[in-house]
Amino acid sequence: KGAAVSVAYTAPTANGATSNNAIQDTAGNDAVSVSVASSGVTNSSTNDTTPPVIGTAAVGTTGLVLTLTYNEALHATTALTTDFEVRVNNVIRTVSSVVKSGSTILLNLSTAVFGGETVSVAYTAPSASTLTSNNAIQDSAGNDAASYSNTNVPNSSTEGPPRLIAAAILAA
């Protein structure tokens, strides 16, 4: 899609045999040479060659899920937990699982992010591959998303450290 296409064919010495190495019709007539200058080439391919791009990232109110939203639907095979680095107040937080849903990746965190903490995420893509079976964030055509680092993440967590709600003095 969008790639330049050029075509050239040089016919071998013409002969009447249908077994020669020329491009032929069913009657054995050899095709003539073709050059790009004499043939207009139009690339009408509809193959998707554009990788998905991250649009937004956010920590939800529970503080346990970091949601990454991409600009298109993603393939079911996705990245591994070790492909992500989540930092909370610049300390690495373990990603316990990765779940793909439509155009989003949900990173389930080992412990909750508290409200007011600073969060960032990085993604390290594996070696580029057009196979849809590699462990990468990719669209249904197999286009792998690019790596990114230290992306700041809005934090909507309402979680926090334990707070004293009530106290009572008991008589002995």
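The structure under discussion appears in the preceding block.
Asks: Mind showing me how you'd approach the sheet that holds strand β6 (residues 104–109) here?
Replies: Hydrogen bonding along the main chain pairs the strands of a sheet, whether they run parallel or antiparallel. Taken together, four strands build an open sheet; the order of strands is β1-β2-β6-β5 and the sheet is antiparallel. The open sheet is flanked by β1 (54–59) and β5 (95–101), the only strands paired with a single partner. Averaged over all pairs of adjacent strands, the angle between strand axes in this sheet comes to 15 degrees, irrespective of strand direction. Two strands pair when backbone bridges link them, and strand β2 (residues 65–70) and β6 are joined in this way by five bridges, in the antiparallel orientation. Considered in β6, the bridge of T67 is made with L106.

Asks: I would appreciate a short explanation of the sheet that holds strand β3 (residues 84–88) in the present structure.
Replies: A sheet is described by the order of its strands in space; here four strands give the open sequence β4-β3-β7-β8, paired in antiparallel fashion. A single partner strand is all that each edge strand has here, and the edge strands are β4 (91–93) and β8 (148–153). Within the sheet, the average angular offset between the axes of one strand and its neighbour, ignoring direction, is 30 degrees. Note that β3 and strand β7 (residues 119–123) share five bridges and pair antiparallel. Of the residues in β7, the one forming a bridge with R87 is S120.

Asks: I'm lost on the packing of aromatic side chains in this one. Help?
Replies: Here a ring pair, both rings aromatic, is described through the centre-centre distance and the interplanar angle of the planes. A full pass over the atoms with the stated rule returns two aromatic pairs. The interplanar angle of 35 degrees and the centroid separation of 5.2 Å between the aromatic rings of F84 and Y123 together place this pair among those described as tilted. Highlighted residues: F84 in strand β3 and Y123 in strand β7, separated in sequence by 39 residues. Across this residue pair, the class does not change: F84 and Y123 are buried. For the pair Y123 and Y148, a centre-to-centre distance of 5.8 Å together with 45 degrees between the ring planes defines the contact as tilted. With Y123 in strand β7 and Y148 in strand β8, the pair connects residues that are 25 residues apart, well separated along the chain. Like Y123, the residue Y148 is buried in the burial classification.

Asks: Help me understand the nonpolar core, please; the structure alone is not making it clear to me.
Replies: Nonpolar side chains tend toward joint burial in soluble globular proteins. Counting 24 residues, the largest nonpolar core has L66, L68, F84 and L107 as its most contacted members. Sorting the residues of this core by element identifies β1, β2, β3, β5, β6, β7 and β8 as the ones contributing at least two each. The residues contacting L107, other than those within four sequence positions of it, are L64, V65, L66, L68, F84, V86, V95, S97, V98 and V121.

Asks: In this structure, what is going on with the pattern of salt bridges? I would like to understand it.
Replies: Pairs may arise between side chains of opposite charge once their charged atoms sit close together. Under the defined criterion, the tally for this structure stands at one salt bridge. As a salt-bridge pair, E85 and R87 come within 3.0 Å of each other at their nearest N and O atoms.

Procedures and definitions
- Residues numbered from 1 in each chain as written.
- Predicted model: local features only at pLDDT ≥ 70, side-chain atom pairs only at ≥ 80, totals over all residues.
- Heavy atoms only, no water.
- Pairing = 2+ DSSP bridges.
- Helix = DSSP H or I, 4+ residues; strand = E, 2+ residues; numbered from the N terminus.
- Axes fitted to C-alpha atoms, helices over the stretch in contact; angles between N-to-C directions.
- Phe/Tyr/Trp six-rings, centres within 6.5 Å; stacked < 30°, edge-to-face > 60°.
- Buried < 20%, exposed > 50% of the residue type's maximum accessible area, 1.4 Å probe, protein only.
- Core = buried A, V, L, I, M, F, W, Y, C linked by side-chain atoms within 4.5 Å.
- Contact = heavy atoms within 4.5 Å.
- Salt bridge = Lys/Arg side-chain N within 4 Å of Asp/Glu carboxyl O.

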